[in-house]
Amino acid sequence: MPPGITTLAADTPTLSAANTGFMLICTAMVMLMTPALAFFYGGMVRVKSTLNMLMMSFISLGIVTILWVLYGFSIAFGTDSGSLIGWSPEYVGLSGIGITELWDGYTIPVYVFAAFQLMFAILTPALISGALADRVKFTAWALFIALWVTVVYFPVAHWVWGAGGWLFEMGVIDFAGGTAVHINAGAAALGVILVIGKRVGFKKDPMRPHSLPLVMLGAGLLWFGWFGFNAGSWLGNDDGVGAVMFLNTQVATGAAMIAWLAYEKIRHGSFTTLGAASGAVAGLVAITPAGGSCSPLGAIAIGAIAGLLCAMAVGLKYRFGYDDSLDVIGVHLVGGIAGSLLVGFFATGGVQSEAKGLFYGGGLDQLGKQAIGVVAVLAYSLVVSALLAFVIDKVMGMRVSEDDEVSGIDQVEHAETAYDFSGAGGGTGSRKAAPTGPADTVAAVARNKKVDA
């Protein structure tokens, strides 16, 4: 029997209906984060790319789910092999797991833990998509997801969270995914865009969000789902750690939003809705690795620092010339790095573990461990993601043609458009049908003349 499974017996933990129910709710909340991300990203692109942006997130729900069941869970959480990957035949296809088997040391079924971690695996590649808006073939993106989770996400999840994983054994603290999710996705985004290049018109054409209400809706749903993402990562409610993480999630997010808006006001003279949404997400990202080890006051500091750093970082793409379409690098990579390193300063030693940060008498030990985790995940994901993108580009092409990009990727890749205005009224008179061809144009003009007469 692989590590991670215990059976119901007198000398082992028994299944807790309360913890199991709590984790099922958290799992559903994390699943909601992927459609929420689709709305968040979908509102930030131009009209002609809306559906493609939505689909780049939604397809992850299908691809990663199947791969996770087939072999992903085994690689991430199976028996350790060399501290780099896991593998357990019982986990392949989830065929060797009984409904009465519990995750090792906890009171929830293995199936619940597997489902919860699946939602993390789904969300992470979806985060990458925001950096690639407007220009990637949908088939190439789907293939990239399948390859990327296999050779990057599943092994890195084992490093960080799997029993025997080298970062886990070193003592790197990542409560819910600062390294495995956000640095991983942000570094991957940078690797891919260095291969595929910039959008047509980058730094020349206006590329403003087409629907800020959609962005705010997505941000609000992400904020809601993140409580399940963070608090659920303690896998139960028995000792209060999850409650601390829940509160710290809210506190850091609010602080980051305020810090971002303050920077915007000083730097640009306005408080923008896009800034509020982006600042909130930056705070959520930063508190993800750190919220189980800090106090609420520490969460305020972490959120404020991350909000400021991420607000400053989103402009770097114009200085250095990389086209990070929707600021995945500026928010997720920078926010993930900030949150992971700040554990080394703000860990109190009184929440999830006894590890203390610099400000609580722990010296530089924990900060050094956090830095190793940050650099290792960033370097591995950056290099391997760039290689995957390079190979796919050579084999089938990663980008749509320039003409297709200019005309609109929605119509080219999905044969649809996000908004249909053909039924909209035109003027104060009668409704005029939209002409579809030369004959229809003549007929429509004739009808309108009669009405006007």
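These numbers come from a predicted model, not from an experiment. (Residues numbered from 1 in each chain as written. Predicted model: local features only at pLDDT ≥ 70, side-chain atom pairs only at ≥ 80, totals over all residues. Heavy atoms only, no water.)

Observations concerning the overall build of the protein chain
Assigned secondary structure in the protein chain consists of 16 helices and 4 strands. For 453 residues, the compact-globule formula gives about 22 Å, and the C-alpha radius of gyration of the protein chain, at 24 Å, lands near that figure. When its C-alpha atoms are laid out on the principal axes, the protein chain stretches across 90 × 55 × 45 Å. The burial tally for the protein chain puts 54% of its 453 residues in the buried class. Put simply, 76% of the contacts in the protein chain that link residues at least 6 apart link residues at least 24 apart. When the accessible surface of the protein chain is totalled, it reaches about 18200 Å², and 67% of it is carbon and sulfur. Each charge sign in the protein chain was given a centre, from 22 positive and 28 negative side chains, and these centres are 17 Å apart. (Helix = DSSP H or I, 4+ residues; strand = E, 2+ residues; numbered from the N terminus. Rg over C-alpha atoms; globule rule 2.2 N^0.38 Å. Buried < 20%, exposed > 50% of the residue type's maximum accessible area, 1.4 Å probe, protein only. Contact = heavy atoms within 4.5 Å. Areas by Shrake-Rupley, 256 points an atom, 1.4 Å probe, with all protein chains shown as cover. Lys, Arg positive; Asp, Glu negative; His and termini not counted. Charge placed at Lys NZ, Arg CZ, Asp CG, Glu CD.)

Examining helix 3 (residues 110-128)
Helix length check: helix 3, at 19 residues, gives a terminal C-alpha distance of 28 Å against a target of 27 Å (1.5 Å per residue), a fit within 8%. The element helix 3 is largely enclosed, with a buried count of 17 among its 19 residues. (Expected span 1.5 Å × (residues − 1).)

Concerning the packing of helix 3 against helix 4 (residues 138-161)
Closest axis-to-axis distance for the helix 3/helix 4 pair is 10 Å, and the angle between their directions is 125 degrees. Accordingly, the angle class assigned to the pair helix 3 and helix 4 is oblique. The two elements helix 3 and helix 4 cross, and the hand of that crossing is right-handed. Contact residues: Gln117, Phe120, Ala121, Thr124, Pro125 and Ile128 in helix 3; Trp141, Phe144, Ile145, Trp148, Val149, Tyr153, Phe154 and Trp161 in helix 4. (Axes fitted to C-alpha atoms, helices over the stretch in contact; angles between N-to-C directions. Parallel < 35°, antiparallel > 145°, perpendicular 65-115°, else oblique. Left-handed = near helix turned anticlockwise from the far one by under 90°.)

A word on the side chain of Asn52
Mapped onto the elements of the fold, Asn52 is located in helix 2 (residues 50-77). Residues within four places of Asn52 in sequence aside, it is in contact with Val136, Phe138, Ile409, Asp410, Glu413 and His414.

Comments concerning the pattern of salt bridges
Side-chain pairs of opposite charge can arise where the charged atoms are in close proximity. Evaluation of the coordinates by the stated rule reveals 7 salt bridges. Glu405 serves as the salt-bridge partner of Arg399, at 2.7 Å between the closest nitrogen and oxygen. What you see here is one network of salt bridges that share partners, running through Arg46, Asp134, Arg135, Arg199 and Asp323. (Salt bridge = Lys/Arg side-chain N within 4 Å of Asp/Glu carboxyl O.)

Examining helix 10 (residues 296-313)
Between its terminal C-alpha atoms helix 10 stretches 25 Å, which fits the 26 Å expected from 18 residues at 1.5 Å a residue. Within helix 10 the residues assigned to the buried category are Gly298, Ala299, Ile302, Gly303, Ala306, Gly307, Cys310, Ala311 and Ala313. Contacts from the buried residues of helix 10 go to helix 8 (241-268), helix 9 (273-290), helix 11 (316-320) and helix 12 (328-346).

Observations regarding the packing of aromatic side chains
For the structure on display, the rule yields 25 aromatic pairs. Within the aromatic cluster, the residues linked to one another by ring pairs are Trp68, Tyr71, Phe73, Phe77, Tyr91, Trp103, Phe113, Tyr153 and Phe154. (Phe/Tyr/Trp six-rings, centres within 6.5 Å; stacked < 30°, edge-to-face > 60°.)

With respect to the confidence of the model for the protein chain
Parts of the prediction with low pLDDT should not have their coordinates interpreted in detail. Mean pLDDT over the protein chain: 92, with 91% of residues reaching 70 or higher. Below a pLDDT of 50 lies the segment residues 1-10, which in the model reaches 33 contacts outside its immediate sequence neighbourhood of four places, other chains included. Note on residues 427-453: pLDDT under 50 across the span, and 9 contacts to partners over four residues away in sequence or across chains. (pLDDT = per-residue confidence, 0-100.)

Examining unusual backbone geometry
The phi torsion at Lys203 lies on the positive side, around 70 degrees, for a residue other than glycine. You can see Lys203 is positioned in the loop between helix 6 (178-196) and helix 7 (212-231). Positive phi, close to 65 degrees, is recorded for Asp327, a residue that is not glycine. Along the chain, Asp327 falls in the loop between helix 11 and helix 12.

Points about a nonpolar patch on the surface
A surface patch of nonpolar side chains, amounting to about 500 Å² of accessible area, comprises Leu143, Leu147, Phe390, Val391, Val395 and Met396. Among the elements that make up the nonpolar patch, the one with the highest residue count is helix 13 (residues 365-395) (3 residues). Note on placement: Val395 falls in helix 13. Overall, the relative accessible area of 66% leaves Val395 in the exposed class. (Patch = residues over 30% accessible without salt bridge, like charges linked within 9 Å, V, L, I, M, F, W, Y side chains within 5 Å.)

Observations concerning the state of the cysteines
For the structure shown, the criterion picks out 0 disulfides. Looking at the unpaired Cys26, the closest cysteine sulfur is the one in Cys294, lying at 18 Å. Given a relative accessible area of 3%, Cys26 falls into the buried group. No disulfide involves Cys310; its sulfur sits 16 Å from that of Cys294, the nearest cysteine. Relative accessible area serves as the criterion here: at 0%, Cys310 is assigned to the buried category. (Disulfide = S-S within 2.5 Å.)

Examining the nonpolar core
Core analysis: the biggest nonpolar cluster contains 108 residues, and Phe40, Phe73 and Leu132 have the highest contact counts within it. For this core, the element with the highest residue contribution is helix 4, accounting for 15 residues. Ignoring sequence-local partners within four residues, the contact set of Phe40 consists of Leu214, Val215, Gly218, Ala219, Leu222, Ala277 and Val281. Grouped together as the second largest cluster of nonpolar side chains are 13 residues, Ala286, Cys294, Ala299 and Ile302 included. (Core = buried A, V, L, I, M, F, W, Y, C linked by side-chain atoms within 4.5 Å.)

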